[in-house]
Amino acid sequence: MLIAGNWKMHGTQSFTKELISYLLENTKNTEHEIAVFPPYPYLLLIQELLHASSIQFGAQDVSAHDTGAYTGEVSASMLADVGCRYVLIGHSERRAYHQETNEIIAEKCQLAHQNKLVPILCVGETQFERDAGSTYDVISSQLASLLDSTFLEHAIIAYEPVWAIGTGKTATPDEAQAVHRFIREKIAKKNSSIADKIRILYGGSVKASNAAELFSMPDIDGGLIGGASLKKEEFVALCQMAKNVVMDI
Ligand code: PGA
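Residues numbered from 1 in each chain as written. Predicted model: local features only at pLDDT ≥ 70, side-chain atom pairs only at ≥ 80, totals over all residues. Heavy atoms only, no water.

Enquirer: So what's going on with the site of the ligand? Residues and values would help.
Expert: As a matter of local geometry, the ligand sits amid 13 residues, with Lys8, His91, Glu160, Gly166 and Ser205 nearest to it. One nitrogen or oxygen atom from the side chain of Asn6 is found 3.5 Å from an oxygen atom belonging to the ligand. The side chain of Glu160 places a nitrogen or oxygen atom 2.7 Å from an oxygen atom of the ligand. Contact with the protein chains removes 95% of the 280 Å² of surface that the ligand exposes when unbound. Tallied by class, the residues present in the shell around the ligand amount to four nonpolar, seven polar and two charged. (Near = heavy atom within 4 Å. Polar contact = N/O pair within 3.5 Å; in protein donor to acceptor, adjacent residues only side chain to side chain. Areas by Shrake-Rupley, 256 points an atom, 1.4 Å probe, with all protein chains shown as cover. Nonpolar A, V, L, I, M, F, W, Y, C, P; charged D, E, K, R; others polar.)

Take a look at the structure:
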């Protein structure tokens, strides 16, 4: 299980220190992996705070360019340089507000991999697409370049139905499981041993009260948590819950 906290554009230095020290104190015995995704300015502070810990961290986005005159951009090599292990790529908020296409997202994944970061490719349909019955087509096209890449086994996928992000409306465990199963089957057609191992996270209004059921589904390997990752007690509860789920199986 991987429990990943996407802070989005929230936080300050003092918030970062407080949240991380709470996580360090209260997640010592968790058997699964925890990762946090703060805004760029706090990555160096996080690196310092987490240097002796098993909690990992990453960035919420990365440039599609390697280096050069790209004002405001942050490259994969820079993220690697400050100790990131992961990077979120293709989050629906990037797709919607920054017009990121599947092609741009593929370039970002490639650069992340080249710089030894693990890309977490976010996929998910909008409410309109779900209502139109095109969920699986959308997911297939969002996954296509990763499935054809040479680094599929080094990636993570996060299924985040757009209609469930920040809305309080979560996919039911069965709805989420159906899409996770679909993703794993698509991967299995390429390579069944990668399909068995690859981690597929669920995201979209996950909180302590609904996580246990979601995490108990066979093809859900963890969560990408937005709002609830900013509340320290709630995030720790999620981490503990995931642990219990693992132990129960
Ligand atoms: P949410 O966000 O948990 O606040 O719905 C999840 C995400 O966007 O990664």
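Enquirer: I'd like a rundown of the pairing of strand β8 (residues 222-225), residues and numbers included.
Expert: The two faces of a sheet get side chains in turn, since along a regular strand they alternate between them. Going residue by residue along β8, you find Gly222 and Leu224 tucked away on one face and Gly223 and Ile225 tucked away on the opposite face as well. Sheet topology places strand β7 (residues 199-203) next to β8; two bridges connect them, and they run parallel. Paired with Tyr202 across the bridge in β8 is Gly223. In this region the chain leaves β7, passes through helix α10 (residues 208-215) and returns to the parallel neighbour β8; the handedness of that crossover is right-handed. (Buried < 20%, exposed > 50% of the residue type's maximum accessible area, 1.4 Å probe, protein only. Helix = DSSP H or I, 4+ residues; strand = E, 2+ residues; numbered from the N terminus. Pairing = 2+ DSSP bridges. Right-handed = clockwise from strand over helix to strand, strands pointing away.)

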